[in-house]
Amino acid sequence: MAQQKFLIIGNGVTGVTAAMTIRARAPQAEITIISGESPYFFSRTAMMYALMGHMELPQLEPYERSVWKQKKIHLVHDWVTDIDATRGLVSTSSSRSFAFDRLLLATGSCPRQPDWPGLAEARSGVVNFVSKQDLEKCEQLIPSARNATVVGGGLIGVELVECLVHHKVPVRFLVREPHFFHAALGKGEAAIVEAHLRHHGIDLRTNETVARVGLGQNAQVAEIETSTGQNHPCDLLGVTIGVEPAVSWLRTVSTPPKIGRGIRVDDSFQTSIPSIYAAGDCAEIGSSGFVEQLWYSAKRQGELVARSMTGDKVSYARPVFFNSSKFFDLEFTTVGLPHPGAGDREYFSSIPGRPVSVRLIEHNGAFAGISLLGSRWRHELFERWIAEAQPVSFVIENLEKAQFDVEFGRVPMGEVRAQLKRCLT
Ligand SMILES: Cc1cc2nc3c(=O)[nH]c(=O)nc-3n(C[C@H](O)[C@H](O)[C@H](O)COP(=O)(O)OP(=O)(O)OC[C@H]3O[C@@H](n4cnc5c(N)ncnc54)[C@H](O)[C@@H]3O)c2cc1C
């Protein structure tokens, strides 16, 4: 009997987790991963360490290269250009064809592109920071950069800024919103982080973005005009205004699946075409249509979609939100709701003179979210307390149980608890 052919487009964490899971469940199946960006899976979240020169890209590969042969997972380095579900075939940019019984689209995200006048005409000096190709472009431009501007107040932006500071390139950081990382930080935390960034020599400007990009010789970026009408010299412009599902290429394939913000799938990751599945950053899931662009969600979705493709009934429910990041050396953890909604309460504690804060959110009388700056925490415990709908007073009393690096004493727990308790009354 012919073995089932599983074909996966994208060798990111979703695609490789799916391939490994399929292999564990179907020892005889044919498994192929086709990916255009890089021949081997690498850890995208660690790209900044390659740009800072701490690691080479191959060191960011989570698996030994011999694993793929051992597991009989066939890797193809190519771009997929067409999908024909009626014939069960995909075609690539080098005119090769691959047959499939079941196809997984795990094509990830691509950078969102702004429409600033002048940007589309720029032939050099503009960088994103999402792919291996972006990394290589940054490595090429940074040594001669004298005036960098990074636009976009999120995590990718601050990572690029940190790399530029590491390479001693003066950097202006434009954030359109009233404060940095508006999506997750409250005003109090943002004030601490912004002071921290400025302490590192960054010219951080909030409520400001690019209005026009000025070009010099050979259409190289030479200056920017900002939304406040100021002109600044700029020879490296980092565009980090968010990412979106990498789906535009699918609109012109022979048999496109339904696409909204991402590839539309039900909660078992099935697209509108029965033999085709989608998961990870590129997928828009379930009837509420959410898109998750997070490493651990992509990994979890990779496992589940593989189970779904190999016959299990699965139903993906959006997990409690969790993210951990850092702004230079300042750790940040957020679990559950990042901001209070109407009728919710917020409890905030910060330690004067130290980059430390704790902010809790109470929704319907129960603990619903926590954001912590300046230390490392066990997010699983907070997730449990949210699921158990513990009262905020319980969380305050038990806070140190979730502290990861208590031995460093970075958070004066007594002071934090006393402040939070005062908010309770
Ligand atoms: C700089 C940076 C830092 C990040 N830091 C964090 C973090 O700290 N925490 C966190 O939770 N998340 C972080 N993320 C997000 C996280 O990396 C993603 O959620 C995750 O990598 C998504 O995995 P994926 O497998 O769905 O997609 P991807 O990793 O994007 O992989 C998809 C692959 O498919 C390929 N592909 C696309 N179209 C085609 C085609 N037509 N043919 C062939 N190949 C194709 C792409 O080139 C890509 O290689 C970060 C992202 C970036 C860019």
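Note that this is a predicted model, so its numbers are computed, not measured. (Residues numbered from 1 in each chain as written. Predicted model: local features only at pLDDT ≥ 70, side-chain atom pairs only at ≥ 80, totals over all residues.)

> Summarise the overall build of the chain; cite the residues concerned and give the values.
Counting its regular elements, the chain contains 10 helices and 25 strands. Taking 425 residues into account, the globule formula puts the C-alpha radius of gyration at 22 Å, and the chain, at 23 Å, falls close to it. Along the three orthogonal principal directions, the C-alpha set of the chain runs to about 70 × 60 × 40 Å. Classification of the 425 residues of the chain by burial places 39% in the buried group. In the chain, of all internal contacts separated by at least 6 residues, the share reaching a separation of at least 24 is 62%. (Helix = DSSP H or I, 4+ residues; strand = E, 2+ residues; numbered from the N terminus. Rg over C-alpha atoms; globule rule 2.2 N^0.38 Å. Buried ≥ 20, exposed ≤ 12 C-beta atoms within 10 Å, placed from the backbone. Contact = placed C-beta atoms within 7 Å.)

> Run through the site of the ligand, naming residues and quoting values.
Taken together, 36 residues lie around the ligand, and Gly10, Gly12, Glu37, Gly108 and Gly280 are the ones closest in. Counting residues per element, the ones that place at least two in the shell around the ligand are α1 (13–25), β2 (30–35), α5 (155–166), α7 (295–309) and β21 (322–327). Partitioning the shell around the ligand into residue classes produces 17 nonpolar, 15 polar and 4 charged. Two domains each put at least three residues into the shell around the ligand: domain 1 (5–110 + 244–309) and domain 2 (126–241). (Near = placed C-beta within 6 Å. Nonpolar A, V, L, I, M, F, W, Y, C, P; charged D, E, K, R; others polar. Domains from an automatic or database assignment.)

> Can you tell me about the sheet that holds strand β6 (residues 97–99), naming the residues and giving the values?
Reading across the sheet, the 3 strands line up as β4-β5-β6 and stay open at both edges, with antiparallel pairing between neighbours. The outermost strands of the open sheet, each flanked by one partner alone, are β4 (80–84) and β6. Mean inter-strand twist for the sheet, computed between neighbouring axes without regard to direction, equals 20°. Bridge count between strand β5 (residues 89–92) and β6: 3 bridges; the pairing is antiparallel. Within β6, the position partnered with valine 90 by the bridge is phenylalanine 98. (Pairing = 2+ DSSP bridges. Axes fitted to C-alpha atoms, helices over the stretch in contact; angles between N-to-C directions.)

> Account for the sheet that holds strand β7 (residues 102–105), with residues named and values stated.
If you trace the 5 strands from one edge of the open sheet to the other, you get β3-β2-β1-β7-β19, paired in parallel fashion. The sheet terminates laterally at β3 (73–77) and β19 (276–278), the two strands that pair on one side only. Neighbour to neighbour, the strand axes of the sheet diverge by 20° on average, direction disregarded. Of the pairings in the sheet, the one linking strand β1 (residues 5–9) to β2 comprises 5 bridges and is parallel in character. Across the sheet, lysine 5 pairs through a bridge with glutamate 30, a residue of β2. Strand contacts of α1: β1, β2, β3 and β7, with the helix running at about 175° to β2, the strand carrying the most contacts.

> Just give me the short version of the packing of α1 against α7, but keep the residues and values in it.
Orientation of α1 relative to α7, taken along the N-to-C sense of each, is 35°, at an axis distance of 7 Å. For the element pair α1 and α7, the recorded crossing hand is right-handed. Listed contacts from α7 to Val13, Thr14, Gly15, Thr17, Ala18, Thr21 and Ile22 of α1 are Trp295, Ala298, Lys299, Gln301, Gly302, Glu303, Val305, Ala306, Arg307 and Met309. Class assignment for the residues of the contact of α1 with α7 results in 8 nonpolar, 6 polar and 3 charged. (Left-handed = near helix turned anticlockwise from the far one by under 90°.)

> Let's hear about the domain arrangement of the chain: which residues, and what values?
Domain boundaries assigned for the chain yield domain 1 (5–110 + 244–309), domain 2 (126–241) and domain 3 (322–424). Taken over C-alpha atoms, the centre of domain 1 sits 31 Å from the centre of domain 2. Of the residues lining the interface, 10 residues belong to domain 1; the matching set on domain 2 comes to 11 residues. Tallied by class, residues from the side of domain 1 that touches domain 2 come to 7 nonpolar, 2 polar and 1 charged.

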